[in-house]
Amino acid sequence: LLSVRSEDGIEALRALISADTVLINDRLNRKLYHGTPESIRKSFGFDTKMLTLLLATIPSGFKIEQNTGCTEGMANINCTFNGINFVVVYRCNDNRLQKAFIEFRGMSEGILISYLKYKEENNYEYPALIEVKIPEEQISIILRVGEVKEDENIIPNNKVIKNEIK
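Because the structure is predicted, anything quoted here is derived from the model rather than measured.

## Looking at unusual backbone geometry
Here is step 1 of the chain: Phi at Asn 95 takes a positive value of approximately 55°, unusual for a residue other than glycine.
Here is step 2 of the chain: Inspection of the secondary structure puts Asn 95 in the loop between strand 7 (84–91) and strand 8 (96–102).

This is the structure in structure tokens:
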């Protein structure tokens, strides 16, 4: 469940994404959108499991295509997931993602996610402040994360990435 609110606390959007259902409640325009993760993928070239990258977590089932290894405390890792290319910049010293770049069909510049601040709660570390940029559309969004609950479909704390970096 994802809720998007303005600085004033007004909920603009609420989304529920599961293995077989996508429900988006546009609270501002009073519209409800529904579909399946597959319909989203076919229409937009976006796999809903990639949303885990918003929380600096690599989607399970990804494949590493190229790994620079740690150089000056950073590693660039080129990955694919269900035909979608993405690159993560990984900070080797504290096992955190610093940035993610996702390529999307029809977008020449893709989407850039920057993890600006991390928080630890209940032995789980997650980004508390995230910037999402879509340069082609001149869009920049700042996300503040209030609470995160683990899900068995994601790999917490990027343990797989840590094991792959030499």
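Now that the structure has been shown, the text picks up again.
## Side note on the sheet that holds strand 1 (residues 2–5)
Here is step 1 of the chain: Spatially, the four strands line up as an open sheet ordered 1-2-3-4, and their pairing is antiparallel. With one partner strand each, in any of the chains shown, strand 1 and strand 4 (31–35) form the two edges of the open sheet. Each neighbouring strand pair of the sheet contributes to a mean axis angle of 10°, computed without reference to strand direction.
Here is step 2 of the chain: In this sheet, strand 4 lies alongside strand 3 (residues 22–26) in antiparallel orientation, the contact comprising five bridges. If you follow Asn 25 over to strand 4, its bridge partner there is Leu 32.

## Quick notes on the nonpolar core
Here is step 1 of the chain: Leu 53, Phe 86, Leu 97, Ile 113 and Tyr 115 are the most contacted members of the largest nonpolar core, which has 31 residues in total.
Here is step 2 of the chain: Secondary-structure elements contributing two or more residues to this core are strand 6 (74–81), strand 7, strand 8, strand 9 (111–121) and strand 10 (124–134).
Here is step 3 of the chain: With five residues, the single largest contributor to this core is strand 10.
Here is step 4 of the chain: With residues up to four places along the chain from it excluded, the contact list for Tyr 115 reads Leu 53, Leu 54, Ala 56, Leu 97, Gln 98, Lys 99, Ala 100, Pro 127, Leu 129 and Ile 130.

Scoring rules and cut-offs
Residues numbered from 1 in each chain as written. Predicted model: local features only at pLDDT ≥ 70, side-chain atom pairs only at ≥ 80, totals over all residues. Heavy atoms only, no water. Helix = DSSP H or I, 4+ residues; strand = E, 2+ residues; numbered from the N terminus. Pairing = 2+ DSSP bridges. Axes fitted to C-alpha atoms, helices over the stretch in contact; angles between N-to-C directions. Core = buried A, V, L, I, M, F, W, Y, C linked by side-chain atoms within 4.5 Å. Buried < 20%, exposed > 50% of the residue type's maximum accessible area, 1.4 Å probe, protein only. Contact = heavy atoms within 4.5 Å.

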